[in-house]
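# Summary of structural features
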Amino acid sequence: MSLVNKEIAPFTAQAFQNGEFKTVSEETLKGKWAVVCFYPADFTFVCPTELEDLQAVYGELKSLGAEVYSVSTDTHFTHKAWHDHSEAISKIEYTMIGDPTHTISRNFDVLDEEAGLAQRATFLIDPDGVVQTMEINNDGIGRNASQLIDKIKAANYVRNHPGEVCPAKWKEGEETLTPSLDLVGKI
């Protein structure tokens with residue numbers, strides 16, 4: 001089921017960020033762009049490479065008005081332990097949400113029920129709490145966080161310029177399209 005153009009469902013969860021535990025909810029994600037990065041489990045193999053990669057672009061994502069949240073079915077306590085014992089994860093400054101009840105993973109339709117783990121999925125959510133993009137990968141295929149930069153720029157452009165769309169490989173400052181009868185069959 002696609003969640004694109006749908007508002008995120010309510011949730012409340014505990015999270016770890018910058019040495020502190022905190023409560024987050026769907027309301028926490030609203031008011032700015034939100035990148036929600038689901039991954040299967042802490043203390044694994046592909047996951048730390050992805051989360052470290054996400055941290056590498058975190059500053060640029062923040063400069064675009066986006067906040068980052070990682071989510072696994074582990075607890076916030078496990079996130080802290082991983083943060084304290086992994087060189088890659090110790091760099092993370094963004095919020096790491098625990099989802100041991102599987103509520104968030106089910107809300108985003110990324111829970112592997114048999115394994116009890118979240119799939120490898122990324123969602124870009126607009127400031128109104130509406131999903132704009134989603135990507136789900138096989139557990140063995142890591143993601144490239146730098147691709148989120150262009151997605152946020154394009155989604156923000158479309159949000160601020162109703163009636164215009166961004167073509168494939170669009171970069172900020174490049175020409176966009178205005179769908180109309182005149183363009184039909186000419187692209």
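Residues numbered from 1 in each chain as written. Predicted model: local features only at pLDDT ≥ 70, side-chain atom pairs only at ≥ 80, totals over all residues. Heavy atoms only, no water.

The chain has the name Alkyl hydroperoxide reductase C in an unreviewed UniProt entry, where Kurthia gibsonii is given as its organism. According to its UniProt record, the chain has this under Sequence similarities (unreviewed entry): "Belongs to the peroxiredoxin family. AhpC/Prx1 subfamily." Listed under Subcellular location (unreviewed entry) in UniProt, the entry text for the chain is "Cytoplasm". (UniProt positions renumbered as here; feature names shortened; annotations may be inferred.)

### Details of the sheet that holds strand β8 (residues 120-125)
Read across the open sheet, the 7 strands follow the order β2-β1-β5-β4-β3-β8-β9; overall the sheet is mixed. The two strands at the open ends of the sheet, each matched to only one other strand, are β2 (20-25) and β9 (131-137). Neighbour-to-neighbour, the strand axes of the sheet open up by a mean angle of 25 degrees, direction not taken into account. Of the strand pairs in this sheet, strand β4 (residues 66-72) and strand β5 (residues 95-98) are connected by 4 bridges, and their pairing is parallel. (Pairing = 2+ DSSP bridges. Helix = DSSP H or I, 4+ residues; strand = E, 2+ residues; numbered from the N terminus. Axes fitted to C-alpha atoms, helices over the stretch in contact; angles between N-to-C directions.)

### Focus on the pattern of salt bridges
The full count for this structure, using the stated rule, is 13 salt bridges. Note that K30 and E27 form a salt bridge whose closest N and O atoms lie 3.3 Å from each other. Here K151 and E135 are joined by a salt bridge, their closest N and O atoms 3.7 Å apart. Taken together, the residues K151 in helix α6 (residues 147-160) and E135 in strand β9 connect sequence positions 16 residues apart. Via salt bridges that share partners, E7, E27 and K30 belong to a single interconnected network. (Salt bridge = Lys/Arg side-chain N within 4 Å of Asp/Glu carboxyl O.)

### Overview of the nonpolar core
L51, L54, L61, V68, W82, Y94 and M96 are the most contacted members of the largest nonpolar core, which has 23 residues in total. Listing elements by their share of this core, those giving two or more residues are β3 (33-38), α2 (46-56), α3 (58-63), β4 and α6. Top contributing element to this core by residue count: α6, with 4 residues. Residues contacting L54, with those up to four places away along its chain left out, are C37, L61, V68, Y94, A145 and L148. Judged by nonpolar contacts, the second largest core, of 21 residues, contains I8, L29, I97 and V131. (Core = buried A, V, L, I, M, F, W, Y, C linked by side-chain atoms within 4.5 Å. Buried < 20%, exposed > 50% of the residue type's maximum accessible area, 1.4 Å probe, protein only. Contact = heavy atoms within 4.5 Å.)

### Focus on the state of the cysteines
Evaluated as defined, the whole model comprises 0 disulfides. Of the cysteine sulfurs around C37, a residue in no disulfide, the closest is that of C47, at 8.5 Å. Given a relative accessible area of 6%, C37 falls into the buried group. (Disulfide = S-S within 2.5 Å.)

### Thoughts on the packing of aromatic side chains
By the definition in use, this model includes 9 aromatic pairs. Note on F38 and F123: the rings are 5.9 Å apart at their centroids and 80 degrees apart in plane angle, and the pair reads as edge-to-face. Residue F38 is found in strand β3, and its partner F123 is found in strand β8; the two are separated by 85 residues along the sequence. The same class applies to F38 and to F123, which are both buried. Here the aromatic rings of Y157 and W170 are separated by 5.4 Å at their centres, their planes lie at 50 degrees, and the arrangement is tilted. Of the two residues, Y157 is situated in helix α6 and W170 in the segment after α6; the sequence distance between them amounts to 13 residues. The class of Y157 is partly exposed, set by a relative accessible area of 22%. Residue W170 is classed as buried on the basis of its relative accessible area, which comes to 7%. An aromatic cluster is defined as three or more aromatic residues linked by ring pairs; in this entry it consists of F16, F21 and F77. (Phe/Tyr/Trp six-rings, centres within 6.5 Å; stacked < 30°, edge-to-face > 60°.)

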